[in-house]
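Residues per chain, in single letters:
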Amino acid sequence: MEHLTEHLKECPICGSKKQKLSIKTRDYFLSQEEFNICECQKCGFQFTNPRPVKAALAPYYKSEEYISHSNSNQGLIGFLYQRVRNYTLRKKYQLITSYKSGDQILDIGCATGQFLNEFKRRGWSCTGIEPDETARKFAHDKFGLKTYDEDQIANFEDHSFDVISMWHVLEHVANLEDRVKELKRLIKDNGCVFIALPNIDSWDAKHYKEYWAGFDVPRHLYHFRKEDVENLFINLGFKMHQILPMKFDAFYVSLLSEKYKKNSLYLFSAFFKALYSNFKASKQRPNHSSLLYVLKPRVV
């Protein structure tokens, strides 16, 4: 794909100008282009660098196999994804309602709206942000959800949401600091923010290396560890309340990673690698393939 690129001269979290190449990988999902992941030599945060400018990223999402946008049920991965999602939607609802202090929820990166609809049909007031027009329209037409483009975030009133969620979305956001500041502005003082992210410290990330599907370059601009999330949010007015494992993600990520390695026995191998990754994580809890961070605003 032809695109304009930008080179980050400073670490997006600590601002250090010292960085080194961490790993070279490819967009195995779509374009097969090679990308570099750099590591900050001061705080250790890793990020895709250089990367396509924001306006040039859209073509990297245009695929029927990009399941969260297409809602595809085709193929084995699509079939499994849909079945697991139906289960995890109920678990997410139970988790979030265990923290709730109200019923105003904002889901940033709502895709085709299945997560928000789980709340809407239980009487919550639901708002979704989704940059992809096709997915946004599907969520509106199928479920009657209020869905907006990213530009709308700046127009929401201060402290207007009890819950804000970003399910594997923050790693796609061009400006981390601006987004976290917006979350702080929008969440109520007694509200909760839920951030799900791939974890580059997991066993499967270290095992698959450049083939690890959690890198997903260039769609994933950043590659987080627990300490990176803590540094980013604590510096911008949040406190870490809890870190929870997302055990199903190891199976999905391992399945894709084995496919990228062109392993003919990818189903068998992915299943056992995912089991082992979750087992290893249980020894150093929580350090799973993906982690869910529960954050609360620090009230002064």
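Below is a summary of the structure that appears in this document. Here the structure is a predicted model, which means the values were calculated and not measured. (Residues numbered from 1 in each chain as written. Predicted model: local features only at pLDDT ≥ 70, side-chain atom pairs only at ≥ 80, totals over all residues. Heavy atoms only, no water.)

## Here's the deal with the packing of aromatic side chains
The full count for this structure, using the stated rule, is 23 aromatic pairs. Their ring planes at 75 degrees and their centres at 6.3 Å tell us that Phe138 and Phe143 sit as a pair that is edge-to-face. Using a relative accessible area of 31% as the deciding quantity, one classes Phe138 as partly exposed. Summarising the aromatic geometry, the rings of Tyr148 and Phe156 are spaced 6.1 Å apart at their centres and angled 75 degrees between planes, so their arrangement reads as edge-to-face. By relative accessible area, Tyr148 is classed as partly exposed at 30%. Judged by its relative accessible area of 12%, Phe156 is buried. Taken together through their ring pairs, the aromatic side chains of Tyr93, Phe115, Phe119, Trp124 and Trp167 make up a single cluster. Sitting above the plane of the Trp167 ring, Lys92 keeps its charged end 4.0 Å from the centroid. In this arrangement the basic side chain of Arg122 is found over the ring face of Tyr93, its NZ or CZ atom lying 4.2 Å from the centre. (Phe/Tyr/Trp six-rings, centres within 6.5 Å; stacked < 30°, edge-to-face > 60°. Buried < 20%, exposed > 50% of the residue type's maximum accessible area, 1.4 Å probe, protein only. Lys NZ or Arg CZ within 6 Å of the ring centre and 35° of its normal.)

## What about the pairing of strand 9 (residues 161–167)?
The element strand 9 is largely enclosed, with a buried count of seven among its seven residues. In the sheet, strand 6 (residues 104–108) pairs with strand 9 via three bridges, with the strands oriented parallel. Residue pairing across strands places Leu106 opposite Ile164, the latter belonging to strand 9. The sheet contact formed by strand 9 and strand 10 (residues 187–198) spans six bridges and is parallel. Bridge assignment links Ile164 to a residue of strand 10, and that residue is Val193. Traced from strand 9 through helix 5 (residues 176–186) to strand 10, the parallel crossover comes out right-handed. (Helix = DSSP H or I, 4+ residues; strand = E, 2+ residues; numbered from the N terminus. Pairing = 2+ DSSP bridges. Right-handed = clockwise from strand over helix to strand, strands pointing away.)

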